[in-house]
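# Understanding the architecture of this molecule
Each chain, letter by letter, is given below.
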2 protein chains.
Amino acid sequence: MFRALADATRRDIVRRTLSAEASVSELAASYEMSFAAVQKHVAVLEEAGLVSKLPRGRERIVRGNPDAIRRAQFCLDQFEAVWRARIDRLDALLEADSAQESD
Amino acid sequence: MFRALADATRRDIVRRTLSAEASVSELAASYEMSFAAVQKHVAVLEEAGLVSKLPRGRERIVRGNPDAIRRAQFCLDQFEAVWRARIDRLDALLEADSAQESD
DNA sequence: GTAACCTACAACCAAATGGTTGTACGAGAA
DNA sequence: TTCTCGTACAACCATTTGGTTGTAGGTTAC
């Protein structure tokens, strides 16, 4: 999923379809690459669950999935939590140290 | 930077060095791959600013950079903001619609 | 029905990625 | 000093990635 977000074009597609759904060809018109290339990007995003594609007439409407974004946020939050736990440990060490000094 | 986080081994290195700094060889001992491979992963993380490497005697101490994590969080927060803006627009449309009905 | 449009998918290609081994070098330990 | 350890870096390899073109199948419009 981070792998899916690793490409700038794909991040842009996510951003865009999160704000307003669009057909694959509408998306493709925005980028300096072939239709097939954009189609592949959408497929990667869909497989990662960042986007869903539903048929409407002869087009496929691409829609960003906010839940997937929140899952990525959760992952980064865990990183922050690990970091804060480290700081807490250091604080505890310092406190134990000054307590020892006052003995 | 999302590209740097796209690899599971690298995410683990970030998590680990965020919680406690470690030398490159200490990190390398944890993974089922060669020292050189881990070294490359650390280099990728360093280039992405997710980690910093400082010499201590004959080893290089790797330390996770919490600021970089916050920058990634900020990026995902922007995605959420775009999403919420879309919902707000839809709400406004619905409200305008019901106002028209009551005419 | 036929033409035009949107999409899916295969085949192909260059470059990047993730891994390996081997060599070299600086810093500590014996 | 010499040996060992930790690191850096180059060369190489297989696979994946990001892109292309071409072909084929459905849907809508005329």
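Here's a quick rundown of the structure. (Residues numbered from 1 in each chain as written. Chains lettered and ligands numbered in written order. Predicted model: local features only at pLDDT ≥ 70, side-chain atom pairs only at ≥ 80, totals over all residues. Heavy atoms only, no water.)

## As for the packing of helix H1 (residues 8-19) of chain A against helix H3 (residues 35-47) of chain A
The relative placement of two packed helices comes down to the angle between their axes together with the axis-to-axis distance. Residue and element names in this part refer to chain A. Filter applied, for reference: To get an axis, a line is fitted to the C-alpha atoms, and for a helix only the part in contact is used. The angle between two axes follows their N-to-C directions and goes from 0 to 180 degrees. Each helix is a run of H or I in the DSSP string that is no shorter than four residues. Each strand is a run of E no shorter than two, and both are numbered from the N terminus. Every angle not falling under 35 degrees, over 145, or within 65 to 115 is termed oblique; those three ranges are roughly parallel, roughly antiparallel and roughly perpendicular. Contacts are assigned to residue pairs that have any heavy atoms within 4.5 Å of one another. Charged means Asp, Glu, Lys or Arg here, nonpolar means Ala, Val, Leu, Ile, Met, Phe, Trp, Tyr, Cys or Pro, and polar covers whatever is left, Gly included.
At a minimum axis distance of 10 Å, the contact between H1 and H3 shows a crossing angle of 70°. In terms of orientation, H1 lies roughly perpendicular with respect to H3. Contact residues: Thr9, Arg10, Ile13 and Val14 in H1; Val38, His41, Val42, Val44 and Leu45 in H3. Grouping the constituent residues of the contact of H1 with H3 by class yields six nonpolar, two polar and one charged.

## Let's talk about the interface of chain A and chain B
By a widely used convention, the size of an interface equals the accessible area lost when the partners come together. Counted only if it meets this: What counts as buried area is the accessible surface, traced by a 1.4 Å probe, that two parts surrender upon association, with contributions from both included. Salt-bridge detection follows one rule: a side-chain nitrogen of Lys or Arg within 4 Å of a carboxyl oxygen of Asp or Glu. Two N or O atoms count as a polar contact when they lie within 3.5 Å, although within protein this holds only if one can serve as hydrogen donor and the other as acceptor, and sequence-adjacent residues are included solely when both atoms are side-chain atoms.
Counting residues at the interface gives 26 residues for chain A, matched by 26 residues for chain B. If you sort the residues of chain A by the area they bury against chain B, Phe2(A), Leu76(A) and Phe79(A) come out on top, with a joint share of 24%. At the boundary of chain A with chain B, the tally comes to four salt bridges. Residue Arg86(B) pairs with Glu21(A) through a salt bridge whose shortest N-O separation is 3.9 Å. Seen at the junction of chain A and chain B, the total is eight residue pairs in polar contact (both at pLDDT 80 or more). Counting residues per element, the ones that place at least two in the side of chain A that touches chain B are H1 and helix H4 (66-101) of chain A.

## Quick look at the relation of the copies chain A and chain B
Just so we agree on the cut-off: Least squares is used to superpose the copies, and the fit set is the C-alpha atoms of residues whose pLDDT is at least 70 in both copies.
With an RMSD of 0.1 Å, chain A superimposes on chain B once it is rotated by 180° and translated 0.0 Å along the axis. One copy is carried onto the other by what is essentially a two-fold rotation axis. Of the residues that chain A buries at the interface, 100% are likewise interface residues in chain B, meaning the two copies contact each other through the same surface.

## A look at the pairing of strand E3 (residues 59-64) of chain A
All names here are of chain A. Keep this limit in mind: By the convention used here, strands pair only if DSSP detects at least 2 bridges between them.
Of the strand pairs in this sheet, strand E1 (residues 22-23) and E3 are connected by two bridges, and their pairing is antiparallel. Looking at the pairing, Ser23 lines up with Ile61 of E3. Looking at chain direction, strand E2 (residues 51-56) and E3 are connected through six bridges and run antiparallel. In the strand pairing of E3, Val51 is matched with Gly64.

## Notes on the sheet that holds strand E1 (residues 22-23) of chain B
All names here are of chain B. Strand order in this open sheet of three strands is E1-E3-E2, and the pairing throughout is antiparallel. Two strands lie at the open edges of the sheet, namely E1 and strand E2 (51-56), each paired on one side alone. Against the sheet, helix H1 (residues 8-19) makes contact with E1, E2 and strand E3 (59-64), and its axis sits at roughly 95° relative to E3, the strand it touches most.

## A closer look at the protein's contact with DNA strand C
Keep this limit in mind: Distances are taken per atom, and a residue is near a molecule or strand as soon as one of its heavy atoms is within 4 Å of it.
In the vicinity of DNA strand C, 23 residues are found, and the nearest of them are Ser25(A), Gln39(A), Ser34(B), Lys40(B) and His41(B). Among atoms of DNA strand C positioned within 4 Å of the protein, sugar and phosphate together represent 60%. Measuring from a base nitrogen of DNA strand C, one finds a side-chain N or O atom of Gln39(A) at 3.1 Å. Residues that form the surface near DNA strand C fall into these classes: six nonpolar, six polar and eleven charged.

## Points about the packing of aromatic side chains
Under the convention used in this document: Classification of ring pairs uses Phe, Tyr and Trp, with its six-membered ring standing for Trp, and accepts pairs whose centres are within 6.5 Å; under 30 degrees between planes counts as stacked, over 60 as edge-to-face, and the remaining range as tilted. A 1.4 Å probe rolled over the protein chains alone gives each residue an accessible area, and that area as a share of the maximum for its type sets the label: buried under 20%, exposed over 50%, partly exposed in between.
Counted under the stated rule, the structure contains one aromatic pair over all chains. Relative to Phe2(B), the ring of Phe2(A) lies with its centre 6.3 Å away and its plane at 25°, an arrangement referred to as stacked. Taken together, the positions of Phe2(A) in the segment before H1 and Phe2(B) in the segment before H1 put the pair across two chains. Take Phe2(A): its relative accessible area is 7%, and that puts it in the buried class.

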